[in-house]
Amino acid sequence: MSRSSESSPVAFEDRMATTEFRIASEPHISVHGDSCRGCTTRACVTACPAKLFVPTSDGGILFNYEQCFECGTCYLVCNTEGAITWAYPEGGAGVVYRRS
Amino acid sequence: MRRPLFAACWKVVELRSSIDPLTGEVTPDHLSLGVSRSDEAALEWALRSAARWGGGVRLVTAGSAKTEAALRQGAAVGATELLRVDLPIDWPSDWIARAVAPHLADADLVWCGDMSTDRGSGAFPAYLAAELGISQALGLIGVELNGPDGPAGSDGPDKGLGFEALRRLDGGRRERLSIGARAVLSCEGATTRLRRASLDGVLVARDAPIAVRVGSRGTTVAPAVASIAPFRPRARVVEPPAGPTARERIRSLTGADAAGRTARAITLNPREAAVAILEALGSWGELPAGLSGERAGDLP
Amino acid sequence: MTERFDVVVVGAGPAGSMAALTLARAGRSVCLLERGPFPGSKNLYGGVIYGRVLDEILPRWIDEAPIERWVTRRVTMVLTETQSLAVDFRSSAWGAKPYNGATALRPEFDSWLASEAEKAGAVLVCSTTATGLLLDERGRTTGVRTDRPGGDIEAGVVIACDGVNAFLAKQAGLTSTEDPSHYTLGVKEVLALAPDEIERRFGLEPGEGADFEVIGGTGGIAGGGFLYTNRETVSVGLVLSIEGLSRSETRPEQLLAEFKSHPAIRPLVAGGDVVEYGAHLIPEAGLAMMPRLAGDGILVAGDAAGMCLAAGIWLEGVNFAMASGAAAGEAAAEALERGDTSAGGLRGYRKRLEANFVLADHRRLKRAPHLVLSDRMQHQYPQLVCNLVEEIFTVRNPSPKQGIVAQARQERRKAGVRLRDLARDGWSAWRTFR
Ligand SMILES: Cc1cc2nc3c(=O)[nH]c(=O)nc-3n(C[C@H](O)[C@H](O)[C@H](O)COP(=O)(O)OP(=O)(O)OC[C@H]3O[C@@H](n4cnc5c(N)ncnc54)[C@H](O)[C@@H]3O)c2cc1C
Ligand code: SF4
Ligand code: SF4
């Protein structure tokens, strides 16, 4: 669909701010930027619903774990062995849904 | 020598609540009952105090029975005694302090969080110190439990039970305090993080006994509230500025040419200082009518 | 120090809580582990729960479960870019006892169900992540490791109800699937609207709810959309094929914004502020992805076993999770009773699933996921039927009306659908959904 979405001008940060995240002291996912340099799909960048993968100008990937939904999409779409190390965060930490 | 006793005070609150933007009605979220980061830090400091000087940790909360699950989380990390003072949590802080104080009379150090998350005032620790008649060090932003032993000259059961802490002052300044027992302390959440409970701790804490004491109602009369209104700095009526150019009018309006309210350093005793402050505020027109430096004579 | 229970259930979702409840009632010591701070805190879903499976186990669930609205209106909709075609079904029978579906919020519902397990005697431990299985030298499961200090728990049986990512089943070697085509991603917004406004927009009586399942509307990515009414919020979301999404240039929240602005959807959601946004995977492939259900000392239930029924017009997982969890609990109790918790001793689990709706429904609908996510079903057919209906209802006086069969033929050609494919898909749809 090409229609402009006039009814949804929510900025991405505001959208994310509606959901609670209890931030763990250690990251539960790590992305090994070097493995990403050869990646042509960059699938994680569009697929991650929390927009946590940001391409850098030097061809790497910047990743921030703090507002992660713990869904698993990124490891499913990534074809590069060893690029993503994925685990659940420490018990009690991470996303807390309240109205879903 | 008596075994020292450390205490932590928790206020169990709904950490999340939704506020209707139109009516202002607050709906507390029953699944979010817990304590603030600073209350958690307070328990961690109590546990570390006990690790340093030996002795037990009593975790105290005031409120209804629904606070007990949160209290047990304290037992899971190592609190040795749990105590709940049964009272309505919407009592004023001084009543709560009065109801809780008798259960802390034997504590050497009482750790509190500096503020609860439900827009608390942070006044409870101060009232508590007053009720107990012991010293207070509030709003700590850094604690060094493992420094040299306590203040020289202290003896008796409290001997050596002392440490240093850092406190925030106005204007970005800091105050380094030397603290000895007995005292009430309140700390900010960033000072430390509560340790994670072991699995065994969690399982055992499920059956941890909680002593329940009925809190007796306070006697202070709540201050009469004349009106509740949003805070707006008072407007002061000033003469329209005179002057031929806009620049001069602005200068006169902003008082740029007048003798400035420059800061001066003076050394006074507390009573004289209070009088001086009231006088200064009065001369600046900051005091409401009827309250001015002249009334300073009423001070004790 | 190592703890010991008869059974450890990992995950206090609907599958786990039902397993724990069943075991506790059978007199077994059972530890129910949950990594969230409270049950349901991680479990974003769409919105409708079919509670019939609770009738026997928790007969008072209708009065006690935290229900938002009872669904009395079910709309199945096909969207193209500018058109929509809907089957709008209403039933007043669904609005009275014993009811059919109900909207519910998972943090509330899952917390309630877990508390029922606790009442029966299960030990619920939250904020604790199982990081792996404990295995003996012969590869049999003997317990789980958690991320708490001193966090090993030994157990006769481990029931893995840890949801769609199924790390425990993978570690036990019961499955290895990480095929992206087996999963879809659900993204969802919860929008605040006043209860009477919801009732007005969706044409409902107070307390009644609506359930909209939408095919298409996903901007060219295979998938669909949904709308559910809660008491004072509306849940709106998309289900997107992972493969489609990874090839796409458009991000999930942009697709969702486009969906919300479709003329058929916009009037229902306009003006609702987003009060929560989130995402969760759905196991989409049914039987094709189902792991071995039992290993030595371990059972797998719910989404972890791919038991969610996600087949276009159906999106049911909670009822399958509850039924499979209860069956796993019963089978584990039986195995412990007999003293044989090997894969063979646990085979009562599969038997129970064969006997109730869980495996029967999955067998019957085993071709559905493939069919529903196929390109023709996603793009060509919606276009075809919408155009056909548009032609039929567009008045072209003074030209006379055309015969419907002729119009249908014309539209089929325009949509580029070959008769052969239509016949084949029609046949497989008949075999799938009959
Ligand atoms: C967008 C979307 C819409 C849906 N709509 C519907 C619908 O309308 N109706 C319907 O019936 N179904 C729906 N479903 C499917 C339904 O949500 C699932 O099928 C159902 O939740 C499965 O239940 P479960 O108990 O197997 O797993 P889950 O509900 O996922 O529960 C798993 C639990 O395990 C915990 N856990 C996971 N790993 C660990 C670990 N290592 N240690 C400790 N705890 C762990 C999790 O925190 C979680 O609580 C939808 C799903 C999605 C994503
Ligand atoms: S994480 Fe994977 S998909 Fe993303 S850029 Fe790196 S290699 Fe590519
Ligand atoms: S788990 Fe989901 S939300 Fe988290 S980084 Fe991966 S794709 Fe993004």
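These figures come from a predicted structure and were not determined experimentally.

J.: I'd like to hear about the nonpolar core, residue by residue, with values.
T.: Leu43(B), Trp111(B), Leu140(B), Phe163(B), Phe109(C), Ile159(C) and Tyr349(C) are the most contacted members of the largest nonpolar core, which has 128 residues in total. Looking at this core, the element that brings in the most residues is helix α10 (residues 318–338) of chain C, giving 13 residues. Ignoring any residue separated from it by four or fewer positions in sequence, one finds Tyr349(C) in contact with Leu293(C), Leu299(C), Val300(C), Ala301(C), Met307(C), Ser324(C), Ala327(C), Ala328(C) and Ala331(C). Core analysis: the second largest hydrophobic core is formed by 65 residues, Tyr75(A), Leu191(C), Leu240(C) and Phe259(C) among them.

J.: I'd like to hear about the site of ligand 3, residue by residue, with values.
T.: Around ligand 3, a shell composed of 14 residues is seen, among which Cys48(A), Cys68(A), Cys71(A), Gly72(A) and Cys74(A) lie nearest. Of the residues that constitute the shell around ligand 3, the class distribution is 11 nonpolar, two polar and one charged.

J.: Explain the site of ligand 1 to me, and be specific about the residues and the numbers.
T.: All names here are of chain C. The local shell around ligand 1 holds 36 residues, among which Glu 34, Gly 46, Val 48, Arg 106 and Asp 303 are the closest. One of the backbone nitrogen or oxygen atoms of Pro 14 is found 3.2 Å away from an oxygen atom of ligand 1. In this structure, a nitrogen atom belonging to ligand 1 sits 3.0 Å away from a main-chain N or O atom of Gly 46. Here ligand 1, which alone exposes 990 Å², has 98% of that area covered by the protein. Going through the elements one at a time, α1 (14–25), β15 (273–283), β19 (314–316) and α10 are the ones with two or more residues in the shell around ligand 1. For the shell around ligand 1, the element with the most residues is β15, which contributes three residues. Across the shell around ligand 1, the residue classes tally to 17 nonpolar, 12 polar and seven charged. When residues of the shell around ligand 1 are assigned to domains, at least three fall in each of domain 1 (3–66 + 105–177 + 289–364) and domain 2 (181–283).

J.: I'd love a proper account of the pattern of salt bridges, names of residues and values included.
T.: Per the stated rule, a full pass over the model turns up 49 salt bridges over all chains. Between Glu40(B) and Arg37(B) there is a salt bridge; the shortest N-O distance is 4.0 Å. One end of the pair, Glu40(B), and the other, Arg37(B), are both in helix α1 (residues 37–53), three residues apart, so they sit about a helical turn from each other. The salt bridge involving Glu175(B) is made with Arg167(B); its shortest N-O contact spans 2.7 Å. Glu175(B) gets classed as partly exposed once you look at its relative accessible area, which sits at 26%. Linked by salt bridges that have partners in common, Glu330(C), Glu334(C), Arg338(C) and Arg352(C) make up one network.

What counts as what
- Residues numbered from 1 in each chain as written.
- Chains lettered and ligands numbered in written order.
- Predicted model: local features only at pLDDT ≥ 70, side-chain atom pairs only at ≥ 80, totals over all residues.
- Heavy atoms only, no water.
- Core = buried A, V, L, I, M, F, W, Y, C linked by side-chain atoms within 4.5 Å.
- Buried < 20%, exposed > 50% of the residue type's maximum accessible area, 1.4 Å probe, protein only.
- Helix = DSSP H or I, 4+ residues; strand = E, 2+ residues; numbered from the N terminus.
- Contact = heavy atoms within 4.5 Å.
- Near = heavy atom within 4 Å.
- Nonpolar A, V, L, I, M, F, W, Y, C, P; charged D, E, K, R; others polar.
- Polar contact = N/O pair within 3.5 Å; in protein donor to acceptor, adjacent residues only side chain to side chain.
- Areas by Shrake-Rupley, 256 points an atom, 1.4 Å probe, with all protein chains shown as cover.
- Domains from an automatic or database assignment.
- Salt bridge = Lys/Arg side-chain N within 4 Å of Asp/Glu carboxyl O.

Shape descriptors only; they carry no functional weight alone.
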